[in-house]
Amino acid sequence: MYIRVKRQKTTVFLQVEPTDTVLEVKQKLQALLDKSPDKLQLLREVREASGQWLPLDDAKKLAELKVENDDVLALAYAQEDGGFERVKILAPGAEEEADGSGDAAAKQEAKPEEQ
């Protein structure tokens, strides 16, 4: 089966098995992202489009967590303070300032009209 792992503007498609553990999925991501599994956190949305994400336990198998083909998991990187960044998945084509405070609509409104 395949899952999609998303972080900001990036989507990684991974081939996984229901018997794979979360840690094994993170090890597959390590090969692609050059980040050790302990610096990665996988999360799953509580309810679709709810915006609430729960971290997944490394020891659990995907089947136990009811992860199915084409499901989306979020990816967060470890921060220097020992915690993990907040989940931020941007829609395709979305623009955002480095500090995360802007959006494409606000930027467009701020531009003076040309005549």
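Residues numbered from 1 in each chain as written. Predicted model: local features only at pLDDT ≥ 70, side-chain atom pairs only at ≥ 80, totals over all residues. Heavy atoms only, no water.

(A) Local environment of the layout of surface pockets. Each pocket or cavity is described by its volume, and for the largest pocket that value is around 160 Å³. For the largest pocket, the full set of lining residues is Arg44, Glu45, Glu48, Trp53, Asp71 and Val72. Elements supplying a minimum of two residues to the lining of the largest pocket: β3 (40-45) and β5 (71-77). (1 Å grid on protein atoms, 1.4 Å probe; cavity = no way out; pocket = protein on both sides within 12 Å on 5 of 7 lines; lining within 4 Å. Points joined across faces, edges and corners; volume = space filled by probe spheres on them. Helix = DSSP H or I, 4+ residues; strand = E, 2+ residues; numbered from the N terminus.)

(B) Molecular detail of the pairing of β5. In terms of burial, β5 is a largely internal element, six of the seven residues being buried. Pairing of strand β1 (residues 2-7) with β5 involves four bridges; the strand directions are parallel. What sits directly across from Val5, in β5, is Leu73. As judged from the four bridges shared by β3 and β5, these two strands associate in the antiparallel manner. From the neighbouring strand, Leu40 faces β5, where its bridge partner is Tyr77. (Buried < 20%, exposed > 50% of the residue type's maximum accessible area, 1.4 Å probe, protein only. Pairing = 2+ DSSP bridges.)

(C) Fine view of the packing of aromatic side chains. Under the criterion given, the structure shown has zero aromatic pairs. Above the plane of the ring of Tyr77 lies Arg7, whose end atom (NZ or CZ) is 3.8 Å from the centre. The side chain of Lys35 reaches across the aromatic face of Tyr77, ending 4.5 Å from its centre. (Phe/Tyr/Trp six-rings, centres within 6.5 Å; stacked < 30°, edge-to-face > 60°. Lys NZ or Arg CZ within 6 Å of the ring centre and 35° of its normal.)

(D) Broad picture of the pattern of salt bridges. Applying the stated criterion across every chain yields a total of five salt bridges. We note a salt bridge from Asp70 to Arg4, for which the minimum N-O separation is 3.2 Å. Placement of Asp70 in the loop between β4 (53-55) and β5 and of Arg4 in strand β1 is noted, with a sequence separation of 66 residues between them. Among the residues examined, Arg4 registers a relative accessible area of 22% and is labelled partly exposed. Linking Lys26 and Asp58 is a salt bridge whose minimum nitrogen-to-oxygen distance equals 2.9 Å. With Lys26 in helix α1 (residues 22-33) and Asp58 in the loop between β4 and β5, this residue pair connects regions lying 32 residues apart in the sequence. (Salt bridge = Lys/Arg side-chain N within 4 Å of Asp/Glu carboxyl O.)

(E) Region of interest: the sheet that holds β1. Strands sit in the order β2-β1-β5-β3-β4 across an open sheet of five strands; the sheet is mixed. Every interior strand has two partners, whereas the edge strands, β2 (10-15) and β4, have only one. In this sheet, neighbouring strand axes are inclined to one another by 35° on average, regardless of whether the strands run parallel or antiparallel. (Axes fitted to C-alpha atoms, helices over the stretch in contact; angles between N-to-C directions.)

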